[in-house]
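# Structural features, examined
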Amino acid sequence: MGMYLMRQIGSRGTYGNPILPDFMVFLNWKELPWYWYGFDSFPFAMLMVLLAPGLLAFVFGWFAFRSRVTGVYLSIITQALTYALLLAFFRNDMGFGGNNGLTDFKDILGFNVQAQATRAALFSMTCVMLIAGFLIARGIVVSKLGKVVIAIRDAESRTRFLGYRVDRFKLFVFTVSACMAGVAGALYVPQVGIINPSEFAPANSIETVIWVAVGGRGTLVGAALGGVVVNYAKTIFTSGFMAPYWLFALGALFVFVTIFMPKGILGTAQDWWEKRRRPVPTTTPPEPAPAEGRA
Amino acid sequence: MIASSPGQLTSSLLYLDGVSVSFDGFKAIRGLSLTIEPGEMRAIIGPNGAGKTTMMDIITGKTKPDVGTVMFGGSIDLTRLDEAAIANLGIGRKFQKPTVFDFHTIEDNILLALKAPRTVARTLFWKTAAAQQKRIDDILGIIKLGDARERLAGSLSHGQKQWLEIGMLLAQDPKLLLVDEPAAGMTDGETAETAVLLKEIARDHSVIVVEHDMGFIRELGVKVTVLHEGSVLAEGPLDQVSANERVVEVYLGR
Ligand SMILES: Nc1ncnc2c1ncn2[C@@H]1O[C@H](COP(=O)(O)OP(=O)(O)OP(=O)(O)O)[C@@H](O)[C@H]1O
Ligand SMILES: [Mg+2]
């Protein structure tokens, strides 16, 4: 998305070059690198929004899941990959603006990115995409494939002995989530107005985990809820005198939620609701009935 | 040692010959040879650590043998395939420690095991047909969990989990079932019912059962193979092997 927006600046940049973005002119580049071709077209850029992360996840996941990398090791190598990308994109030679990143955007589809109406449209689009993402995820979760994925989570090797190719199922959900992240990024860039390699930092992945923990693990609504709640808190915190303490507050929030609300906001609210509906304390959750005649 | 002639290879459903595997220098299986005929039910007994579970690991692709032949249906080399491919050939397995999907309902456990295409696309767009639903209901009836279908499998007792896992095997409808200690942790009553169920299953499937419970083995009334230190010590009807001096010494006599 950033690349599309850069190309839309055209000759209005500081250096007035109709083709090359400012940072390239600054680096004395004469030609547009091949991977920037096509990004002046919106449909092409949108295709890439899905394709680039999807393909990267597919190739990476293909190797990782086939070699049965799981759990902590998988987290570590995905983090290592993003860290490698961070370092690579910081280099000016990479052709993505180095540590300044891409910014000073002007238009999107001919509309001024900073105009109120454009911003409202982008925000509405974000809501639409959130709902679309939710529906897609929901469709996956309730399908038999979703059941297979839960089975893999709980007893991976058992699933394999039933004849499911565990690596393919992991690859599918990994790639779908990468495409969703691509859409999220494409909506983020024009609304924030800048994108630079620091977004690759591991802290972002950790923050996402915190959203899910706060909202409620194991649910789709919880993940979205946590994203909204944590980011709302972030907005309040980072704009006041408490700004320097935001990271501490975030850490404290994570610790608090893990200890006192292990099911997150959603899970805790559900439990509370259940209790209210059945105030008589005699109804403990249904105890597993013992097998008949067991000693 | 039981000699297996090459002629047995083509007629047999499962053919193991000269199989050895070692873990960090410890030989868990040494020169194991075993043949299972189509439709046969075989009981495997032997002391703890004899290699019974490891043998199942080898057949199902979890462990690769260091040397030896493992052939299925006369021509398929199982040592070259992975777990999923072997499962799809029609080899199902019940684990020694019952493993079901605790966070799925009992019905979903059966659904996941049900014989059906296992690809990503086919499971994503899966619709359970009426005939398949009927099969699931039948199996739930056989394993006596029909009334509990909506309950999470994790809430079942040990014995019920064993039955659920046998139900999952039935749903897979494999050609060969490997059943590791199905009666462990069951009462005498449950054990007897399990023997009846397995005999029922054996009418149209080949089955290998590992058990320590001699009463159960006697109930099955099939050919018995005694494993000891990773190879076959004796083979034959239960009365014959239980009269074998070596078998009494290493296993039964204790
Ligand atoms: N993955 C492994 N790594 C190392 N050693 C193993 C492994 N699997 C099995 N063994 C060893 O191989 C031997 C045979 O084990 P196996 O589980 O096959 O015995 P078993 O006949 O099933 O015994 P039991 O009756 O107790 O179930 C044991 O000594 C065990 O410790
Ligand atoms: Mg065992």
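The structure presented is a predicted model; accordingly, all values stated were derived computationally and were not measured.

## Looking at the side chain of histidine 205 of chain B
Residue and element names in this part refer to chain B. Structurally, histidine 205 can be placed in the loop between α8 (188-202) and β8 (206-210). You can call histidine 205 buried: its relative accessible area is 11%. Among the polar contacts made by the side chain of histidine 205, one reaches the side chain of aspartate 173 at a distance of 2.9 Å. At 3.1 Å, the side chain of histidine 205 and the side chain of aspartate 204 are in polar contact. Among residues more than four places away in sequence, those in contact with histidine 205 are Gly39, Glu40, Asp173, Pro174, Lys175 and Leu177.

## Regarding the coordination of the magnesium ion (ligand 2)
All names here are of chain B. Summarising the metal site, the magnesium ion (ligand 2) is bound by the protein donors Thr53 (OG1) and Gln96 (OE1), whose distances to it range over 1.9 to 2.1 Å. Highlighted residues: threonine 53 in helix α2 (residues 52-59) and glutamine 96 in the loop between β6 (91-94) and α4 (106-113), separated in sequence by 43 residues. Here glutamine 96 falls in the partly exposed class, since its relative accessible area comes to 37%.

## Things to note about helix α5 (residues 116-142) of chain A
In this model α5 of chain A runs 39 Å from its N-terminal to its C-terminal C-alpha over 27 residues, within 8% of the 39 Å that 1.5 Å per residue would give. Listed in full, the buried residues belonging to α5 of chain A are Thr118, Leu122, Gly133, Ala137 and Ile140 of chain A.

## Looking at the packing of aromatic side chains
Residues and elements named next belong to chain A. Following the criterion strictly, the structure yields 15 aromatic pairs over all chains and no others. Judged by centre distance (5.3 Å) and plane angle (75°), the ring pair of phenylalanine 39 and phenylalanine 44 falls under edge-to-face. The exposure class assigned to phenylalanine 44 is partly exposed, which follows from its relative accessible area of 29%. For the ring pair phenylalanine 237 and tryptophan 246, a centre distance of 5.8 Å and an interplane angle of 50° mean the geometry is tilted. Looking at phenylalanine 237, the relative accessible area reads 22%, which means it is partly exposed. Connected via pairs of aromatic rings, a cluster forms that spans Phe23, Trp34, Tyr35, Trp36, Phe89, Phe96 and Phe200.

Conventions and cut-offs
Residues numbered from 1 in each chain as written. Chains lettered and ligands numbered in written order. Predicted model: local features only at pLDDT ≥ 70, side-chain atom pairs only at ≥ 80, totals over all residues. Heavy atoms only, no water. Helix = DSSP H or I, 4+ residues; strand = E, 2+ residues; numbered from the N terminus. Buried < 20%, exposed > 50% of the residue type's maximum accessible area, 1.4 Å probe, protein only. Polar contact = N/O pair within 3.5 Å; in protein donor to acceptor, adjacent residues only side chain to side chain. Contact = heavy atoms within 4.5 Å. Donors = N, O, S within 2.8 Å, 3.2 Å for Na, K, Ca; no water. Expected span 1.5 Å × (residues − 1). Phe/Tyr/Trp six-rings, centres within 6.5 Å; stacked < 30°, edge-to-face > 60°.

Function cannot be read off these values alone, since they describe shape.
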